[in-house]
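What follows is the residue order along each chain.
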Amino acid sequence: MLRAGRICSGSYARHAVSSLMLAPRCLFSLENPQCSDCKCRRTNQAGDNNTKFLRPHSHGACFSTITDTVLVQARDPSQLALEIENAVDERRFDDAWRAYEKHVHMDGLPRKSVLSKLITGLAESCDAHWLNRSYNVVSHAFEEKHELLGKEPLIYLSLTLARCALPSLAINVVRKLVKMEAYPPVAAWSAIVAHMCQTSTGAFLAADLVMELGYLFQNNRVDPRKKINHPLLSMKPNSFTFNIVLTASLLFGTTRKAEQLLELMPRIGVKPEVNLLIVMARIYERNGRRDEIQKLKRHVDEAYGLSESEFRQFYDCLLSCHLKFGDLDSAVDMVLDMLRKGKNAKRSLEAAKAVLEAVENRKLYFPYGKIEAENSCSSERPLSDSQMLSYVSFFKDNSFARLALEARELLKLLSDKLQEQVGLVKSEHGILHPTETMYAKLVKAFLEADKISALAAFLVKASKEDSPVSVERSFVVQVINACISLGLLEQAHDLLDEMRFSGIRVGSSIYSSLLKAYCKEGQHEDDITALLKDAQQAGIQLDASCYEDLIQSRVSHSNTPGALHLFKELKNSNVMKSGHKEFQTLVQGSDDNEAALTTRLVEEVRSGHTVDHAVHDWNNVIHFFCKKRLMHDAHSALNKMRASGHVPNAQTFHSLITAYAAIGGKYVEVTDLWGEMKVLAGSSSMKFDQELLDSLLYCFVRGGFFLRAMEVIEMMEKSEMFIDKYKYKSLWLKYHRTLYKGKAPKVQTEAQLKRREAAIHFKKWIGLT
């Protein structure tokens, strides 16, 4: 017995010796395997998990079995810790993991230095399997004894998880750091966020993280004068962090969450950088906040250091908002102003010299051109495993300067991708010009509003400012051609008359195309006659194919004298059969891209996408009341919106739900909105997006409406939307920890039974059962 005691060490030895001392009769009954007084089996069954190795596997020699098991299993914890460290150094992660499991089973978690080495070593592998294992180590240590977790190893693990496209694990590590009060500096967690923001899920989670951390500092609740608060203040989000997350939110379409972040910025005392003004404008444009963009215009015009592309993005936002709200007058004024400035720049010799000098010196119109050229290769190159920082290099960088530089490169990569979405405005040497897409959207808006006279007035003014290479490529010609292609012959004829009255030359192809369209449709004899007369007065020479169609039309309508007259006119005019290019060739797209606007306009109209301009106005009214927490007025506005025949969309409901979530306690009202939303989704084009459903789910979980919560979860999982289970697990533990913990009552209604089952189902879903 004493020999067995010397062999054993640690907790295993103590349990083994105590077990032997508690059962002396067993030691002396080895000769009789059938000893009825042996208590070994009962003693072992009553023991804890650490004494399982004492259980005999047969009715044979009890003492020899115990001794052999002790000799095999008993190990020195310090020796196991050394094995873990050596295996990690030699990248034998399987051996390291087995040694870690033995240590945990025998003596609990290893000491802090060993645990840190295991976490960082597994993270350095950049392998998804070992990264998950490293995260599991952190989760286990956090629950058992979080004092063993080091701040720097956890930051390094979170950074590696974010780099390896595991954003949900990366954000959870940062959340654990905050709970441990081991606050990561903003330079460190900004780099983590920058890597997370390269994916849609990561950008969504990054916005949540910034919001969670920002709430700690809102309304000056952290006193900067107290020395104890300095570590916490070092974690405070800054303008650069907001810039990263807002840019990513724009890129991946979570703009309503981005607007919530914008509202948080002044509450925590963060002032936007100059280039953040452009990101703000783009968020407001996506959400239809035209008044907010108008407020930013003065700041943008007066800002110093904005690049040409940033100005282009801002005016693209402003034009887009004018179109969303159906404000065609403002849109026309902006387009004409661009054309006017472009024309003046072309005519001015001094402006031409300035442009040439700017291009040569690369500093006037392209202030960031050189930097972009130098960094383009590095920013577009994805981060590979070879570029991952080792923990030693990471640990030496105390100020996280390398991570800050890396975050700026990632922000530039996001910004470059965002610039590609600008489609209404282009720039040449610092001069802004409307694109074909802008013209197409504007003309479409005029046609939908049936404002042909206003469209004609715009075309006249644009023709005076624009200077096409040829008449046939002018803006006016392409718009009329598009109307002909779309079958809007009456509108095309009206526009042609307006151009003729205004003295704008349009060329012969327009008349030929319109006449051919009239002939093809038939029953337009009066229009054909009037148009032929106008063409003759304007001195327009029609091509041979047009005459042939006209003659055929006269014959089909039994107008023989008219057909003979046209035939004589064709013969006397000596028109060659090759004539002008037919309109169909223009629509299909010629080699010199002459009909780019025509094609774009035809595609835009045929897309069938229509905008209910009034919905944006109502949404802004409802959003205003929700921000002021005037929910009665918000619902009154919603009722008036419905009464006016306008259907609420996802943005309408998102404003209401987020306001109710901020107020708290209004979960029955949210349930009513959920019912209405489901009805609208089945009967209209309203679509549920991740932001809206996530806001709903938060309200239902917070209020304990688990039947409705499971409905939302089912819808999100069906659409393969990401759900942050960690957030909802924390919400359950905070507000519903003791809910339905006891046995179910014997008597309960069917509704109570359903609520209980839904809550248990939710608890199982978040992993608590």
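From a predicted model like this one, the values you see are computed outputs, not experimental measurements.

**Here's the deal with the overall build of the chain**
Along its length, the chain carries 42 helices and 2 strands. Sorting the 769 residues of the chain into buried and exposed places 48% on the buried side. Residue pairs at least 24 apart in sequence account for 68% of intrachain contacts in the chain once pairs closer than 6 positions are excluded. Here the chain displays about 38800 Å² of accessible surface, and carbon together with sulfur accounts for 51% of that area.

**Regarding the pairing of strand 2 (residues 431-434)**
Burial along strand 2 is two-sided: Ile431 and His433 facing one way and Leu432 and Pro434 facing the other are all buried. Here strand 1 (residues 425-428) runs beside strand 2; their pairing, made up of 4 bridges, is antiparallel. Across the sheet, the residue bridging to Val425 is Pro434, located in strand 2. Turn length for the strand 1-strand 2 hairpin, with the two strands adjacent in sequence and antiparallel, is 2 residues, and the turn residue His429 shows positive phi of about 55°.

**Observations concerning the pattern of salt bridges**
All told, the structure shown has 31 salt bridges when counted by the stated rule. Arg175 is the salt-bridge partner of Glu212, the closest N and O atoms lying 2.8 Å from each other. Taken together, the residues Glu212 in helix 13 (residues 200-215) and Arg175 in helix 11 (residues 167-179) connect sequence positions 37 residues apart. The partner of Glu691 in a salt bridge is Arg256, with the nearest N and O atoms 4.0 Å apart.

**Observations concerning helix 30 (residues 525-537)**
Taking 1.5 Å per residue as the helical rise, helix 30 with its 13 residues ought to reach 18 Å, and the 19 Å between its terminal C-alpha atoms agrees with that figure. Among all positions in helix 30, only Ile528, Leu531, Leu532, Asp534 and Ala535 are buried. The arc enclosing the buried residues of helix 30, seen along the axis, measures out at 160°, which places them on a common side. Within helix 30, the exposed residues directed more than 90 degrees away from the buried face are Asp526, Lys533, Gln536 and Gln537. Backbone geometry just downstream of helix 30 places Gly539 in the positive-phi region, at approximately 70°.

**Side note on the confidence of the model for the chain**
For the chain, mean pLDDT is 80; residues scoring 70 or higher make up 79% of the total. Counting interchain partners and residues more than four positions distant, the pLDDT-below-50 stretch residues 1-73 has 50 contacts. Of the regions scoring below 50 in pLDDT, residues 363-386 engages in 28 contacts with residues more than four places distant in sequence or in other chains.

**Structural notes on the packing of helix 25 (residues 436-448) against helix 34 (residues 596-606)**
Geometrically, a packed helix pair is captured by the angle between its two axes and the distance between the axes. At a minimum axis separation of 9 Å, helix 25 and helix 34 run at an interaxial angle of 50°. Between helix 25 and helix 34, the angle is such that the two are oblique. Where helix 25 crosses over helix 34, the two elements pack in a sense that is right-handed. Between helix 25, through Glu436, Thr437, Tyr439, Ala440, Lys441, Val443 and Lys444, and helix 34, the contact on the second element is made entirely by Ala596, Leu597, Arg600, Leu601, Glu604 and Val605. When the residues that make up the contact of helix 25 with helix 34 are grouped by side-chain class, the tally is 7 nonpolar, 1 polar and 5 charged.

**A look at the UniProt feature "repeat: PPR" (unreviewed entry) in the chain**
UniProt's feature table lists "repeat: PPR" (unreviewed entry) at residues 238-272, 507-542 and 614-648, given in the numbering used throughout. In residues 507-542, the share of helix is 75% and the share of strand is 0%. The end C-alpha atoms are 10 Å apart. Helix makes up 77% of residues 614-648 and strand 0%, whereas the separation of the span's terminal C-alpha atoms amounts to 11 Å.

**A look at the nonpolar core**
Leu246, Leu442 and Phe458 are the most contacted members of the largest nonpolar core, which has 170 residues in total. Excluding anything up to four places from it in sequence, Leu442 contacts Leu323, Leu328, Ala331, Val332, Val335 and Phe458. Residues Val615, Ile622, Met721 and Ala759 belong to the second largest nonpolar core, which totals 46 residues.

**Overview of a negative patch on the surface**
Taken together, Asp450, Glu490, Asp494 and Glu498 make up a surface patch of like negative charges. Tracing the sequence through the fold places Glu498 in helix 28 (residues 489-501).

**Structural notes on the environment of Lys727**
The residue Lys727 is located in helix 41 (residues 725-735) in this model. Lys727 gets classed as buried once you look at its relative accessible area, which sits at 14%. Taking the C-alpha atoms as reference points, Lys727 and Arg175, separated by 552 residues in sequence, lie 9.9 Å from one another. Aside from chain neighbours lying at most four places away, what touches Lys727 is Arg175, Asp208 and Asp694. A polar contact of 3.1 Å, which involves the side chain of Lys727, links it to the side chain of Asp694.

**Points about the environment of Lys324**
As for its position among the elements, Lys324 is in helix 19 (residues 308-324). Along the chain, Lys324 and Arg286 lie 38 residues apart, while their C-alpha atoms are 9.8 Å from each other. Discounting residues that sit within four places of it in the chain, Lys324 has contacts with Glu285, Arg286, Gly288, Val611, His613 and His616. Polar side-chain contacts of Lys324 include one of 3.3 Å to the backbone oxygen of Arg286.

**As for helix 7 (residues 93-107)**
The end-to-end C-alpha separation of helix 7 is 20 Å, in line with the 21 Å expected for 15 residues at 1.5 Å each. Among the residues of helix 7, Phe93, Ala96, Trp97, Ala99, Tyr100, His103 and Met106 are the ones counted as buried. A positive backbone phi angle near 80° is found at Gly108, which sits one or two residues after helix 7.

**Concerning the packing of aromatic side chains**
Two aromatic rings are characterised by how far apart their centres lie and by the angle between their planes. Applying the stated rule across the entire model yields 19 aromatic pairs. Between Phe394 and Phe400, the ring centres sit 5.9 Å apart and the planes meet at 50°, which makes this aromatic pair tilted. No difference in accessibility class separates Phe394 from Phe400, as the two residues are buried. Ring geometry for Phe706 and Trp732: centres 5.2 Å apart, planes at 55°, overall tilted. You can see Phe706 sitting in helix 40 (residues 706-718) and its partner Trp732 sitting in helix 41, a full 26 residues away along the chain. Exposure remark for Phe706: the relative accessible area of 3% places this residue in the buried category. Aromatic ring contacts, followed pair by pair, group Tyr156, Tyr391, Phe394, Phe395 and Phe400 into a single cluster.

**Some thoughts on the environment of Gln478**
Within the secondary structure, Gln478 sits in helix 27 (residues 475-485). Note on Gln478: relative accessible area 9%, which makes it buried. Expressed as a C-alpha distance, the spacing of Gln478 and Leu601, which sit 123 residues apart in the sequence, is 8.8 Å.

**Quick notes on the side chain of Thr671**
Positionally, Thr671 belongs in helix 38 (residues 667-683). Residue Thr671 is classed as buried on the basis of its relative accessible area, which comes to 17%. Residues in contact with Thr671, not counting those within four places in the same chain, are Phe700, Phe705 and Arg708.

Quick notes on the rules
- Counting of residues starts from 1 at the beginning of each chain's written sequence and follows it residue by residue.
- Where local features are concerned, this predicted model is filtered to residues with pLDDT of at least 70; where side-chain atom pairs are given and counted, the filter is 80 or more; whole-chain, interface and lining totals use all residues.
- Side-chain metrics in this entry use all non-hydrogen atoms of the structure; hydrogen atoms and water are not considered.
- Where helices and strands are cited, they refer to DSSP runs of H or I of at least four residues and of E of at least two residues respectively, numbered from the N terminus.
- Any residue under 20% of the maximum accessible area for its type is buried, any over 50% is exposed, and the rest in between are partly exposed; the area is computed with a 1.4 Å probe on protein chains only.
- By definition in these notes, contact holds between two residues if any of their heavy atoms fall within 4.5 Å.
- Using a 1.4 Å probe, the Shrake-Rupley method yields the accessible areas, and only the shown protein chains count as cover for residues.
- Here a strand pair is declared whenever DSSP counts at least two bridges between the two strands.
- Definition used for salt bridges: Asp or Glu carboxyl oxygen within 4 Å of a side-chain nitrogen of Lys or Arg.
- In this scheme, a helix's expected span is set at 1.5 Å multiplied by one less than its residue total.
- Summarising the geometry, the arc corresponds to the directions from the helix axis toward the C-beta atoms.
- Confidence scores per residue from the predictor, reported as pLDDT, run from 0 to 100.
- All axes are obtained by fitting lines to C-alpha atoms, using only the stretch in contact for helices, and the reported angles, taken between N-to-C directions, cover 0 to 180 degrees.
- Orientation is classified from the angle alone, with under 35 degrees giving roughly parallel, over 145 giving roughly antiparallel, 65 to 115 giving roughly perpendicular, and any other angle giving oblique.
- Should the near helix be turned anticlockwise from the far one by less than a right angle, the crossing is left-handed, and should it be turned clockwise, the crossing is right-handed.
- Under this grouping Gly is polar, as are all residues other than the nonpolar Ala, Val, Leu, Ile, Met, Phe, Trp, Tyr, Cys and Pro and the charged Asp, Glu, Lys and Arg.
- UniProt positions are given in the numbering used here, feature names are shortened, and annotations may be inferred rather than shown by experiment.
- For the purposes of this section, nonpolar cores are sets of buried Ala, Val, Leu, Ile, Met, Phe, Trp, Tyr and Cys residues that join through side-chain atoms within 4.5 Å.
- What makes a patch is a set of residues exposed beyond 30% relative accessible area and free of salt bridges, joined within 9 Å when like-charged and within 5 Å when nonpolar (Val, Leu, Ile, Met, Phe, Trp, Tyr).
- Under the convention used here, Asp and Glu are negative, Lys and Arg are positive, and both His and the chain ends fall outside the count.
- Charge positions come from single atoms, namely NZ of Lys, CZ of Arg, CG of Asp or CD of Glu.
- Two N or O atoms form a polar contact when they lie within 3.5 Å of each other; inside protein one atom must be a possible hydrogen donor and the other a possible acceptor, and for residues adjacent in sequence the pair counts only when both atoms belong to side chains.
- Any pair of Phe, Tyr and Trp rings, taking the six-membered ring for Trp, is counted once the centres come within 6.5 Å. Such a pair is stacked with planes under 30 degrees apart, edge-to-face with planes over 60 apart, and tilted for the rest.

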